[in-house]
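What the coordinates show
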Amino acid sequence: MLEYSALDSERFGLRVFRGTFGTLDPDVLLGALLANDVDLAVVRIAAENQYLLHRLDGIGLPWFAADTLVWYESPLTGLQSRPLRNERLVLLLAGDSHLSVLDRLVADIFRGYHNHYASNPLLDSQMVVAAYQDWARRYVGSEARGRFCWLALIDEQPVALVTCELAGSEATIVLNGVLSGYAGRGIYTDMVRYVQRYFGNRGATTLRVSTQLHNRAAQKVWLREGFAFSRAQLTVHVNALLDRSVRAKRQIDVRLAASGSCGSEIHVLHRIVDQVQRQCWNVDYPGARPHRFRCRLLGSLDGRDSCRVAVSYPCDGGPGGSITSLVRVSDEQRQTRLLCYCELDRG
Ligand SMILES: CC(C)(COP(=O)(O)OP(=O)(O)OC[C@H]1O[C@@H](n2cnc3c(N)ncnc32)[C@H](O)[C@@H]1OP(=O)(O)O)[C@@H](O)C(=O)NCCC(=O)NCCS
């Protein structure tokens, strides 16, 4: 099921939840999104369940496939250790004095790298780099907790990094890369050989590593260095945006009888949403014009006396950019009955 990710939430200023699913039940997922006021859900499913992905259309909220992760494994027991190709390469366990060097390396290596975060237009690319830096920093000076961060230096110049985790007999390469100016010289190959030997000597039996499907260079190295493909996972993002608002949220209670209950229920709801959102937009974004709607009807208001209409603004693209408004209609028991996302052009 979905679990709150404090780390991602703090990094991106959103309520981020993560979960790995064996099967995809849109009602279960939607229930969890609503119950937790999720802004962004990062959902992982095994690639062999890709045929279930279409079910996500059933939640009616914005979602997209953000990346495909491929996992490889190298057995370490009895693995023949190979010499490093770069004789001048030195690997150094990073300490607190290396944090700024580490930040620079991570920024240079990952600025243009596309993983699932980079696929999401909601997440600022600067924040994505900062997330990588924060991620790498968490491995510095933490060997006692099974976390390792090595810097690779040539002639005392830091040119690459590799962070790893050791849990029991299983080691995992986490974040790793080489400065583009030093690519193609076998530095990455050497780092892989180094960590294979390091964890093999410490009694680990398996070394795991993952990357995006498109990363041919990394996979080429792994296959040459004794790794085999083990599995693939799809990452899906659901930009539910149920909590975030760049402006104060507005809440209006509407008496259903007074709102004119003639017509089918969807027409009544539509009239209510239309009235309330225009009223709010006129105050919050005067002159703004809607250009795209996406509505999801979740349940009936039949027999209810009143409903609550909440208007939030999850995104504001600034001058020249569009504004997203979200209207959430709930019944007296606070059960969500309708969600309506609207893109507005600035007036
Ligand atoms: C992927 C990366 C780690 C490779 O580092 P590197 O030091 O250049 O790697 P090596 O020199 O050991 O080997 C790379 C091999 O892939 C090849 N290669 C490089 N780019 C390639 C590409 N786009 N497609 C296919 N092969 C490629 C190289 O020619 C080399 O093969 P060769 O030895 O037969 O010539 C580095 O480019 C990088 O940091 N990229 C950004 C971050 C990243 O991808 N991290 C790793 C996984 S998350």
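Rules and cut-offs
- Residues numbered from 1 in each chain as written.
- Predicted model: local features only at pLDDT ≥ 70, side-chain atom pairs only at ≥ 80, totals over all residues.
- Domains from an automatic or database assignment.
- Contact = placed C-beta atoms within 7 Å.
- Nonpolar A, V, L, I, M, F, W, Y, C, P; charged D, E, K, R; others polar.
- Pairing = 2+ DSSP bridges.
- Helix = DSSP H or I, 4+ residues; strand = E, 2+ residues; numbered from the N terminus.
- Core = buried A, V, L, I, M, F, W, Y, C linked by C-beta atoms within 7 Å.
- Buried ≥ 20, exposed ≤ 12 C-beta atoms within 10 Å, placed from the backbone.
- Near = placed C-beta within 6 Å.
- Axes fitted to C-alpha atoms, helices over the stretch in contact; angles between N-to-C directions.

Domains assigned within the chain are domain 1 (3-69), domain 2 (72-228) and domain 3 (250-345). Each of domain 1 and domain 3 has a C-alpha centre, and the two are 24 Å apart. Taken together, the contact pairs 4 residues of domain 1 with 4 residues of domain 3. When the residues that make up the side of domain 1 that touches domain 3 are grouped by side-chain class, the tally is 3 nonpolar, 1 polar and no charged.

Along any regular strand, the residues point their side chains to alternate faces of the sheet. Examined bridge by bridge, strand S6 (residues 147-154) and strand S7 (residues 157-167) share 8 bridges and lie antiparallel to one another. Note that in S7 the partner of Arg147 across the bridge is Glu165. Hairpin geometry of S6 and S7 is characterised by an intervening segment of 2 residues between the two adjacent antiparallel strands and by a positive phi of about 50° at Asp155. Sheet analysis places S7 next to strand S8 (residues 170-178), joined by 7 bridges and oriented antiparallel. Residue pairing in the sheet places Leu166 in a bridge with Ala171 of S8.

Here we take up the sheet that holds S8. Spatial ordering of the open sheet is given by S1-S2-S3-S10-S4-S9-S8-S7-S6-S5, a layout of 10 strands whose pairing is mixed. Looking at strand neighbours, the two that pair on one side only are strand S1 (3-4) and strand S5 (89-93), the edges of this open sheet.

Take the nonpolar core next. The biggest cluster of nonpolar side chains holds 92 residues, and the ones touching the most others in it are Leu33, Ala41, Ala152, Leu161, Val195 and Val273. The element contributing the most residues to this core is helix H5 (residues 187-201), with 7 residues. When sequence neighbours within four positions are dropped, the list of residues in contact with Ala152 reads Leu89, Leu91, Val159, Ala160, Leu161, Ile187 and Met191.

Most peptide bonds adopt trans geometry, and most residues besides glycine take a negative phi value. A positive phi angle, near 45°, is found at Asp37, a position not held by glycine. Following the sequence through the fold, Asp37 ends up in the loop between helix H2 (26-35) and strand S3 (40-46). At Glu156, a position not held by glycine, the phi torsion is positive, near 70°. Here Glu156 is to be found in the loop between S6 and S7.

Inspection of the sheet shows strand S4 (residues 63-75) paired to strand S10 (residues 228-239) by 10 bridges, in the antiparallel sense. Residue pairing in the sheet places Leu69 in a bridge with Gln233 of S10. Looking at chain direction, S4 and strand S9 (residues 206-212) are connected through 7 bridges and run antiparallel. Residue Ser74 lies in a different strand from S9, and its bridge partner there is Leu207.

Now for the site of the ligand. The ligand sits among 19 residues. The nearest are Gly177, Ala183, Tyr188, Thr189 and Ala217. Taken together, the elements giving at least two residues each to the shell around the ligand come down to S8, H5 and helix H6 (216-224). For the shell around the ligand, the element with the most residues is H6, which contributes 5 residues.

Backbone-to-backbone hydrogen bonds pair the strands of a sheet. The strands run either parallel or antiparallel. Spatial strand order, S11-S13-S14-S15-S12: 5 strands in an open sheet with antiparallel pairing. The open sheet has two edge strands with one neighbour each: strand S11 (250-255) and strand S12 (289-297). Each strand of the sheet is rotated relative to its neighbour by a mean of 20°, with strand direction disregarded. Most of the contacts of helix H7 (residues 265-284) go to strand S14 (residues 323-330), to which it runs at about 135°, and overall it touches S11, S12, strand S13 (306-316), S14 and strand S15 (336-345).

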